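Here's the letter readout for the chains.
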Amino acid sequence: MKQDLRSGAVAPPCVLVFSGSDPSGGAGMQADITAIAALGAHPLSVVTVLTVQDNERVFGVYPVATELVRQQAQALVDRIAISAVKLGIVGNRANAEVIAAIIRQLRVRQPDLPVVFDPVLANGHGDSLASEDPIAAVAPLFELATVITPNRLEADRLCSSASDPEQQARLLLERGCHNVLLKGGHGPELDQVLNRWISRSQSRSWSWPRLPGEFHGSGCTLAAALSALLAQGLEMETAIAAAQSYCQQTLAASYSIAAGQRIPNRTLPFLNT
Ligand SMILES: Nc1ncnc2c1ncn2[C@@H]1O[C@H](COP(=O)(O)OP(=O)(O)OP(=O)(O)O)[C@@H](O)[C@H]1O
Ligand SMILES: Cc1ncc(CO)c(N)n1
């Protein structure tokens, strides 16, 4: 941590975020920026896709030109130290390949650079968030992920040959991810939400009281929080625990902007309990 000579402020670590714009402010880049800033890191925001959506449905998905994604990222990585990378929707395969090349470039100097990969395929209604086959689009990113954070539906689609969470996690580890965090918001448990962490050598699960209602951007909030905490040097298990606690607090304090999914309140002061 470096102290700013002029203001005395401590410079926060930077998280390089690749994700899509959600004009409703509930998910995507808008969620990432608020969660990362709330947890004490600085978000560097490379928009990969413009979406047309509200807090319920997706009406349009327009990937940003691949060369523009590359230029946005290159301008940042040429001058700024990056402490973690967070990946949300990428839009198409060409964007994923450019993002993979940027991560490889960063890893030459920082082999341990944490990369949080949220493999978002669709919103809660099943509306696609890619302009082409979303599974083929994200394929180049698995082997670069320090941690991948699929929800139940994404794990089922990404691992169609397995339905058991343990087996699904093993399949994702075989593709090169180092840690799998299986999010349980869409799980069958009525009173609780079960999140499972599985790495090559460790596993642990956490159970949270299930809050009533549906939320827009809960997964983005959790993954973005995790990237901010890893950027600050927390160990994976500690960071996963704290990111869930933050996510739970943002959902408990969520608010409504229209009928339908509620918006996590990400700017509230975080008490790490
Ligand atoms: N009803 C709920 N009650 C408590 N916690 C929840 C609830 N829904 C989601 N969460 C928390 O938010 C996390 C992410 O939610 P979920 O599994 O629904 O991901 P997601 O589908 O990727 O989210 P989204 O599409 O809204 O971004 C869960 O792992 C859990 O910790
Ligand atoms: C841009 C974007 N990213 C992610 C999600 C998933 O919540 C969404 N709805 N929109």
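The structure displayed is predicted, hence computed values, not measured ones.

Parameters and conventions
- Just so you know, the residues in each chain are numbered from 1, in the order the chain's sequence is written.
- Ligands are numbered from 1 and chains lettered from A, in the order in which they are written.
- Per-residue local features of the predicted model are confined to residues with pLDDT of at least 70, and side-chain atom pairs are confined, for both listing and counting, to 80 or more; whole-chain, interface and lining totals are unaffected and use all residues.
- Excluded from the side-chain calculations are hydrogens and water; all other atoms, namely the structure's heavy atoms, are used.
- Site definitions follow a grid-based scheme: protein atoms alone, a 1 Å grid, a 1.4 Å probe that fits but cannot get out for cavities, and for pockets an open set with protein on both sides within 12 Å along at least five of seven lines, plus lining residues having an atom within 4 Å of a point.
- Grid points are joined across faces, edges and corners, and a volume is the space filled by probe spheres set on the points.
- Helix and strand definitions here come from DSSP, where helices need a minimum of 4 consecutive H or I residues and strands a minimum of 2 consecutive E residues; each element is numbered from the N-terminal end.
- Throughout, the ten residues Ala, Val, Leu, Ile, Met, Phe, Trp, Tyr, Cys and Pro are labelled nonpolar, Asp, Glu, Lys and Arg are labelled charged, and all others, Gly among them, are labelled polar.
- Simply put, an axis is a line fit to the C-alpha atoms, just over the touching stretch for a helix, and the angle between two N-to-C directions goes from 0 to 180 degrees.
- Each angle receives one of four descriptions, namely roughly parallel if under 35 degrees, roughly antiparallel if over 145, roughly perpendicular if within 65 to 115, and oblique otherwise.
- Here is the rule for handedness: rotate from the far helix to the near one, and if that takes an anticlockwise turn smaller than a right angle the crossing is left-handed, while a clockwise turn gives right-handed.
- Residue contacts follow a heavy-atom distance rule, with two residues in contact if any of their heavy atoms lie within 4.5 Å.
- UniProt positions are given in the numbering used here, feature names are shortened, and annotations may be inferred rather than shown by experiment.
- Any residue under 20% of the maximum accessible area for its type is buried, any over 50% is exposed, and the rest in between are partly exposed; the area is computed with a 1.4 Å probe on protein chains only.
- For salt bridges, the criterion is a side-chain nitrogen of Lys or Arg within 4 Å of an Asp or Glu carboxyl oxygen.
- What makes a residue near a molecule or strand is one non-hydrogen atom of that residue sitting within 4 Å of it.
- Under the rule applied, a polar contact is a pair of N or O atoms within 3.5 Å (in protein, one hydrogen donor and one hydrogen acceptor; residues adjacent in sequence only if both atoms are side-chain atoms).
- Computed with the Shrake-Rupley method and a 1.4 Å probe, the accessible areas treat only the protein chains shown as cover for residues.
- Each molecule is assigned to a cavity or pocket provided more than half of its atoms lie within 2 Å of the corresponding grid points.
- Any two strands with at least two DSSP-identified bridges between them are counted as paired.
- When the strands point away from the viewer, a crossover counts as right-handed if the path from the first strand over the helix to the second runs clockwise.

Details of the layout of surface pockets
- Put simply, the largest pocket is a space of about 1000 Å³.
- Lining the largest pocket are 45 residues, and of these N151, H186, F215, S218 and G219 lie nearest its centre.
- Mapped by element, the contributors of at least two residues to the lining of the largest pocket are β3 (14-21), α5 (152-158), β10 (192-199), β11 (203-209), α7 (218-231) and α8 (236-252).
- Here the lining of the largest pocket is built from residues that sort into 16 nonpolar, 21 polar and eight charged.
- One number sums up the size of the second largest pocket: a volume of about 360 Å³.
- Together, 15 residues line the second largest pocket, and K2, A11, P12, P13 and C14 are the ones closest to its centre.
- Taken together, the residues of the lining of the second largest pocket sort by class into nine nonpolar, four polar and two charged.

A word on empty space enclosed by the protein
- As enumerated under the stated definition, the model contains two cavities of 30 Å³ or more in all.
- Quantified by volume, the largest cavity comes out at close to 110 Å³.
- For the lining of the largest cavity, the secondary structure elements donating two or more residues are α5, α6 (165-174) and β10.
- Split into classes, the residues belonging to the lining of the largest cavity amount to five nonpolar, four polar and five charged.
- Looking at the second largest cavity, its volume works out to about 50 Å³.
- Lining the second largest cavity we find I89, V90, G91, V120, L121, L129, A130, P134, A137 and V138.
- Looking at the lining of the second largest cavity residue by residue, the classes come out as nine nonpolar, one polar and no charged.

Focus: the packing of helix α2 (residues 66-77) against helix α3 (residues 93-109)
- Between α2 and α3, the shortest axis-to-axis distance is 9 Å and the interhelical angle comes to 20°. Between α2 and α3, the angle falls in the class roughly parallel. In the crossing of α2 with α3, the sense of the turn from one axis to the other is right-handed. Counted together, T66, V69, R70, A73, Q74 and V77 of α2 and A94, N95, V98, I99, I102, Q105 and L106 of α3 form the full contact between these two elements.
- Looking at the contact of α2 with α3, its residues break down into eight nonpolar, four polar and one charged.

A look at the UniProt feature "domain: Pyridoxamine kinase/Phosphomethylpyrimidine kinase" (unreviewed entry) in the chain
- Annotation from UniProt places "domain: Pyridoxamine kinase/Phosphomethylpyrimidine kinase" (unreviewed entry) at residues 22-261.
- End C-alpha to end C-alpha, residues 22-261 measures 14 Å, and it is 39% helix and 19% strand.

Thoughts on the side chain of N55
- By the element assignment, N55 lies in the loop between β4 (42-53) and β5 (58-63).
- Residue class for N55 comes out buried when judged on its relative accessible area of 5%.
- In contact with N55, not counting residues within four places along its chain, are S24, H216, I257, A258, A259, G260, Q261 and I263.

Description of the pattern of salt bridges
- On inspection of all chains with the given rule, the structure shows seven salt bridges.
- In this structure, R70 and E67 form a salt bridge, with 2.7 Å as the shortest nitrogen-oxygen distance. Here R70 pairs with E67, and both are found in helix α2, just three residues apart, close to one helical turn.
- Given a relative accessible area of 41%, E67 falls into the partly exposed group.
- Notably, a salt bridge pairs E237 with R204, separated by 2.8 Å at the nearest N-O pair. Taken together, the residues E237 in helix α8 and R204 in strand β11 connect sequence positions 33 residues apart.
- With a relative accessible area of 27%, E237 lands in the partly exposed category.

Let's talk about the site of ligand 2
- Around ligand 2, the neighbouring residues are G20, S21, A27, G28, T51, Q53, I89, V120, L129, H216 and C220.
- Within the side chain of Q53, a nitrogen or oxygen atom sits 2.9 Å from a nitrogen atom of ligand 2.
- Across the complex, the protein chains shield 91% of the 290 Å² of accessible surface that ligand 2 would expose by itself.
- Comparing atom positions with the cavity grids shows ligand 2 to sit within the largest pocket.
- Elements that contribute at least two residues to the shell around ligand 2 include exactly β3 and β4.
- Residues belonging to the shell around ligand 2 are distributed by class as follows: five nonpolar, six polar and no charged.

Quick look at the pairing of β3
- Judged by how many residues are buried, β3 sits mostly within the fold: eight of eight residues are covered.
- In this structure, β3 lies alongside β4, joined through eight bridges in parallel fashion. Pairing of S19 across the sheet is with V47, part of β4.
- A crossover links β3 with its parallel partner β4, the connecting element being helix α1 (residues 28-38), and its sense is right-handed.
- For β3 and strand β6 (residues 84-87), the ladder comprises four bridges, and the chain directions are parallel.

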